Amino acid sequence: MNWSEQRVHELAAAKGLDPQKTTPKQDALLHIDITMNAETLMPTQERIGIDVKAPRKERRHDNHYMTTHTWLELRNVRGFAGSLLGQADYLALASPSGWIFIDRQKALNETLLKVLDSKSSAFYPSSSWRIKERGKSFIVLVPYEWLIKHSADVWPDEKLISRYYATNKQNTNASDLDASKRTAQAAQLQGETIQHSTLAKG
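These numbers come from a predicted model, not from an experiment. (Residues numbered from 1 in each chain as written. Predicted model: local features only at pLDDT ≥ 70, side-chain atom pairs only at ≥ 80, totals over all residues. Heavy atoms only, no water.)

Participant: I'd like to hear about the overall build of the protein chain, residue by residue, with values.
Facilitator: Helices and strands together make up the secondary structure of the protein chain, namely five helices and nine strands. Beginning at the N terminus, the succession of helices and strands in the protein chain can be written as α-β-α-β-β-β-β-β-α-β-β-α-β-α. Within the span of the protein chain, comprising 202 residues, buried residues form 38% of the whole. Taking the intrachain contacts of the protein chain between residues at least 6 apart in sequence as the baseline, contacts between residues at least 24 apart amount to 57%. Just so you have it, the protein chain exposes about 12,000 Å², and 52% of that area is on carbon and sulfur atoms. (Helix = DSSP H or I, 4+ residues; strand = E, 2+ residues; numbered from the N terminus. Buried < 20%, exposed > 50% of the residue type's maximum accessible area, 1.4 Å probe, protein only. Contact = heavy atoms within 4.5 Å. Areas by Shrake-Rupley, 256 points an atom, 1.4 Å probe, with all protein chains shown as cover.)

Have a look at this one:
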């Protein structure tokens, strides 16, 4: 298991949901990383399949992880069906709010509608959804706001936030501080220039 799968597994175990890791074949073909007791997520079933998605970067070489959106996959880099077209009942998506549990079919339906909408001029640039085709892959940028609004549950996770999103906050604060310093330095320089000009005239 990768770190994200391990975290969801640990949290599910702490909730008494009896999580079980799937086989590599189930993971690859069905896009199911973990099965666990359904509880309130799907009361009509005894157990459900979860596809865990780690934090995502907007561009591969970015230094930080996205805090407003994540990528969902219709077709993966090998040209096969992506996680949205898998057989998991729910996607567990990493976010700055914790793990967002969204019904996979609901996310798929909305994503397909957005893909159809992308054919109209109204989709860009006002929409916060975005489509990206690269090589064989076909992915869609989805806002966390929509995912949280339509989620079945959100599991807070301080370890997730400190590992992936705390650096973003520090970078933002540092950038704000640098900007403030530049503004102050510019104001000081402007003041010195005005003073020098006044003395020269006198």
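Now that the structure has been shown, we can carry on.
Participant: Got a sec to walk through the sheet that holds strand S9 (residues 153-155)? Specific residues and values, please.
Facilitator: Sheet architecture is open: six strands sit in the order S1-S2-S3-S5-S6-S9, paired in mixed fashion. Among the strands making up the open sheet, the edge pair consists of strand S1 (20-21) and S9. Examined bridge by bridge, strand S6 (residues 98-103) and S9 share three bridges and lie antiparallel to one another. Along S9, the bridge assignment pairs Ile100 with Val154. Across the sheet, helix H3 (residues 104-117) lies against strand S5 (90-95) and S6, angled at about 75° from S6, the strand it touches most. (Pairing = 2+ DSSP bridges. Axes fitted to C-alpha atoms, helices over the stretch in contact; angles between N-to-C directions.)

Participant: Help me get a handle on the pattern of salt bridges, residues and values and all.
Facilitator: Between side chains of opposite charge, a pair can form as their charged atoms come close. Scanning the model with the defined rule gives nine salt bridges in all. For the salt bridge of Glu10 with Arg7, the shortest nitrogen-to-oxygen distance reads 2.6 Å. Of the two residues, Glu10 and Arg7 are both situated in helix H1 (residues 3-14); the distance of three residues between them amounts to about one turn of the helix. Residue Glu10 is classed as partly exposed on the basis of its relative accessible area of 34%. For Arg7, a relative accessible area of 10% corresponds to the buried category. (Salt bridge = Lys/Arg side-chain N within 4 Å of Asp/Glu carboxyl O.)

Participant: How would you sum up the packing of aromatic side chains? Please name residues and give values.
Facilitator: Under the defined criterion, the tally for this structure stands at four aromatic pairs. An angle of 85° between the planes, with centres 5.0 Å apart, marks the rings of Tyr65 and Tyr164 as edge-to-face. Residue Tyr65 is found in the loop between strand S3 (47-53) and strand S4 (69-75), and its partner Tyr164 is found in helix H5 (residues 158-201); the two are separated by 99 residues along the sequence. Take Tyr65: its relative accessible area is 22%, and that puts it in the partly exposed class. The class for Tyr164 is buried, based on a relative accessible area of 13%. On the basis of an interplanar angle of 45° and a centroid distance of 4.4 Å, the ring pair of Phe101 and Trp155 is categorised as tilted. Here Phe101 is found in strand S6, whereas its partner Trp155 is found in strand S9, with 54 residues between them in sequence. Assigned by exposure class, Phe101 and Trp155 land together as buried. Ring pairs connect the aromatic residues Trp3, Tyr65 and Tyr164, which therefore count as one cluster. Residue placement shows Lys15 over the ring face of Trp155; its charged tip is 4.9 Å from the ring centre. Lying over the aromatic face of Tyr65, Lys57 brings its terminal NZ or CZ to 5.3 Å of the ring centre. (Phe/Tyr/Trp six-rings, centres within 6.5 Å; stacked < 30°, edge-to-face > 60°. Lys NZ or Arg CZ within 6 Å of the ring centre and 35° of its normal.)

Participant: Can you tell me about the side chain of Asp51, naming the residues and giving the values?
Facilitator: With respect to the helices and strands, Asp51 occurs in strand S3. Dropping the residues within four chain positions of it, Asp51 is found in contact with His31, Asp33, Ser83, Ala88, Tyr90, Leu91 and Ala92.

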